[in-house]
Amino acid sequence: MNWFYEYNGEQKGPVSESELDGLIAQGIVLPTTLVWRDGLPNWTPLAQVRATAAPVGGFTPAAGTAQCDSCGRYFDAGDVVQIAGRNICAGCKPAVLQGLQQGTMAGGLSDPSRTGPPWEHRETLGLFPAAYQTVTAVLSRPSETFATMRVDGGITEPFLYNLGVGGVCLAVRVVYFALAQALGMSFSPVSQRNDIFMAGGGIMVMTVLQIVGAFIGTAIGSFIWSAIFHVCLMMFGGARRPFET
């Protein structure tokens, strides 16, 4: 079976099972790398469709190498250190130590199974397909989708998603009500036509302002509602991760 994979924004392949194992061992293909083969409906993170920690096909990593438990790449054993009982490479060491100092549950170690929703792979999937697939996944497969969402890595990706999707939804609502109002006015008596034109211009201006306000409100609301949710978790002892999560 042949595989295709994404590397630096480009499609690579096809490669065989054994060749894919070699790419995994070299750190070229990671658990979060988007892959595709016959039978898969969409490009999917490797960790969701194939084992990566223990390569199949009889492939054995080179002697004297060790796998970093944070990024999944293989390095010379001398370049990997033990932190909190796990192998960590030099590149991942600062983030892991910072996580331990902050007392995060994962100690700064990213879970390879949490590859993120399609939105976080929009460079390969495309902006609109990634947003659509994420919305569809959340609505149709919530348990599976939330299980793959990252719990670290910053707030930029989820904030942009909330701003884009949430803002667009509110903007569509604003336009819907504006059209409904304009349609209702179209049935007014002909004698009021001048008033209708003037009112129509006012509706357009208000609609534009409300659309802008929808995106501003979504941006501010993202932090307000997240804060309320986090405080509620703290009150009942459920806040096991930082506000970022």
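Remember, predicted model here, so these are calculated numbers, not experimental data. (Residues numbered from 1 in each chain as written. Predicted model: local features only at pLDDT ≥ 70, side-chain atom pairs only at ≥ 80, totals over all residues. Heavy atoms only, no water.)

1. Side note on the overall build of the chain
Line of reasoning, step 1. For the chain, the count of helices and strands is 8 helices and 8 strands.
Line of reasoning, step 2. Within the chain, the proportion of its 245 residues that are buried is 30%.
Line of reasoning, step 3. Pairs at least 24 residues apart make up 49% of the contacts formed inside the chain by residues separated by at least 6 positions.
Line of reasoning, step 4. When the accessible area of the chain is evaluated, it comes to approximately 15000 Å², of which 63% is carbon and sulfur surface. (Helix = DSSP H or I, 4+ residues; strand = E, 2+ residues; numbered from the N terminus. Buried < 20%, exposed > 50% of the residue type's maximum accessible area, 1.4 Å probe, protein only. Contact = heavy atoms within 4.5 Å. Areas by Shrake-Rupley, 256 points an atom, 1.4 Å probe, with all protein chains shown as cover.)

2. What about helix α5 (residues 127-140)?
Line of reasoning, step 1. The terminal C-alpha atoms of α5, which comprises 14 residues, lie 20 Å apart, in line with the 20 Å expected from a rise of 1.5 Å per residue.
Line of reasoning, step 2. Among the residues making up α5, those that are buried are Ala130, Ala131, Gln133, Thr134 and Ala137. Down the axis of α5, the sector holding all buried residues measures 165°, keeping them to one side. Across from the buried face of α5, at angles greater than 90 degrees, the exposed residues are Phe128, Tyr132 and Leu139. (Expected span 1.5 Å × (residues − 1). Arc of directions from axis to C-beta.)

3. Describing the pattern of salt bridges
Line of reasoning, step 1. Throughout the structure, instances matching the rule amount to 1 salt bridge.
Line of reasoning, step 2. One salt bridge in this structure joins Lys12 and Glu10, with 3.4 Å as the shortest N-O distance.
Line of reasoning, step 3. In this structure Glu10 comes out as partly exposed when scored by relative accessible area, which is 46%. (Salt bridge = Lys/Arg side-chain N within 4 Å of Asp/Glu carboxyl O.)

4. Observations regarding the confidence of the model for the chain
Line of reasoning, step 1. On average, residues of the chain carry a pLDDT of 77, and 77% of them reach 70 or more.
Line of reasoning, step 2. A low-confidence stretch, residues 53-59 stays under pLDDT 50, and its non-local contacts, those more than four residues away or across chains, total 11 contacts. (pLDDT = per-residue confidence, 0-100.)

5. A few points about the sheet that holds strand β3 (residues 34-36)
Line of reasoning, step 1. Spatially, the 4 strands line up as an open sheet ordered β2-β1-β3-β4, and their pairing is antiparallel. At either margin of the open sheet sits one strand with a lone partner, and together these are β2 (10-15) and β4 (44-45).
Line of reasoning, step 2. Two elements, strand β1 (residues 3-7) and β3, share 2 bridges in a ladder whose sense is antiparallel. Across the sheet, Phe4 pairs through a bridge with Trp36, a residue of β3. (Pairing = 2+ DSSP bridges.)

6. As for the pairing of β2
Line of reasoning, step 1. Inspection of the sheet shows β1 paired to β2 by 4 bridges, in the antiparallel sense. Looking across to β2, one finds that Glu6 is bridged to Gln11.
Line of reasoning, step 2. The antiparallel hairpin formed by β1 and β2 contains 2 residues in its connecting segment, where Asn8 sits at a positive phi of about 55°.

7. Looking at the environment of Pro129
Line of reasoning, step 1. Tracing the chain through its elements places Pro129 in helix α5.
Line of reasoning, step 2. Sequence separation between Pro129 and Pro118 is 11 residues; the distance between their C-alpha atoms is 8.4 Å.

8. Focus on a nonpolar patch on the surface
Line of reasoning, step 1. A surface patch of nonpolar side chains, about 700 Å² in accessible area, is lined by Val208, Val212, Ile216, Ile220, Ile224, Trp225 and Ile228.
Line of reasoning, step 2. Inspection of the secondary structure assignment puts Trp225 in helix α8 (residues 193-235).
Line of reasoning, step 3. Its relative accessible area of 63% is what places Trp225 among the exposed residues. (Patch = residues over 30% accessible without salt bridge, like charges linked within 9 Å, V, L, I, M, F, W, Y side chains within 5 Å.)

9. So, the nonpolar core
Line of reasoning, step 1. Counting residues in hydrophobic clusters, the biggest one holds 10 residues: Trp3, Tyr5, Val15, Leu20, Leu23, Ile24, Val29, Val35, Leu40 and Leu46.
Line of reasoning, step 2. Put simply, the parts of the chain that give this core at least two residues each are β1 and α1 (17-26).
Line of reasoning, step 3. The element that contributes the greatest number of residues to this core is α1, accounting for 3 residues.
Line of reasoning, step 4. Among the nonpolar cores identified, the runner-up in size contains 6 residues, and Cys68, Ile83, Ile88 and Cys89 belong to it. (Core = buried A, V, L, I, M, F, W, Y, C linked by side-chain atoms within 4.5 Å.)

10. As for the environment of Cys92
Line of reasoning, step 1. Mapped onto the secondary structure, Cys92 falls in the loop between β8 (86-89) and α3 (93-102).
Line of reasoning, step 2. For Cys92, a relative accessible area of 14% puts it in the buried group.

11. So, unusual backbone geometry
Line of reasoning, step 1. Note that the residue after Gly13, namely Pro14, is joined by a cis bond; omega there is 10°.
Line of reasoning, step 2. Structurally, Pro14 can be placed in strand β2.

12. Digging into the packing of aromatic side chains
Line of reasoning, step 1. Under the defined criterion, the tally for this structure stands at 4 aromatic pairs.
Line of reasoning, step 2. Here the aromatic rings of Phe4 and Trp36 are separated by 5.9 Å at their centres, their planes lie at 45°, and the arrangement is tilted. Taken together, the residues Phe4 in strand β1 and Trp36 in strand β3 connect sequence positions 32 residues apart.
Line of reasoning, step 3. Assessed through its relative accessible area of 26%, Trp36 is described here as partly exposed.
Line of reasoning, step 4. The interplanar angle of 40° and the centroid separation of 5.6 Å between the aromatic rings of Phe159 and Phe223 together place this pair among those described as tilted. Residue Phe159 is found in helix α7 (residues 156-185), and its partner Phe223 is found in helix α8; the two are separated by 64 residues along the sequence.
Line of reasoning, step 5. A relative accessible area of 23% places Phe159 in the partly exposed class. (Phe/Tyr/Trp six-rings, centres within 6.5 Å; stacked < 30°, edge-to-face > 60°.)

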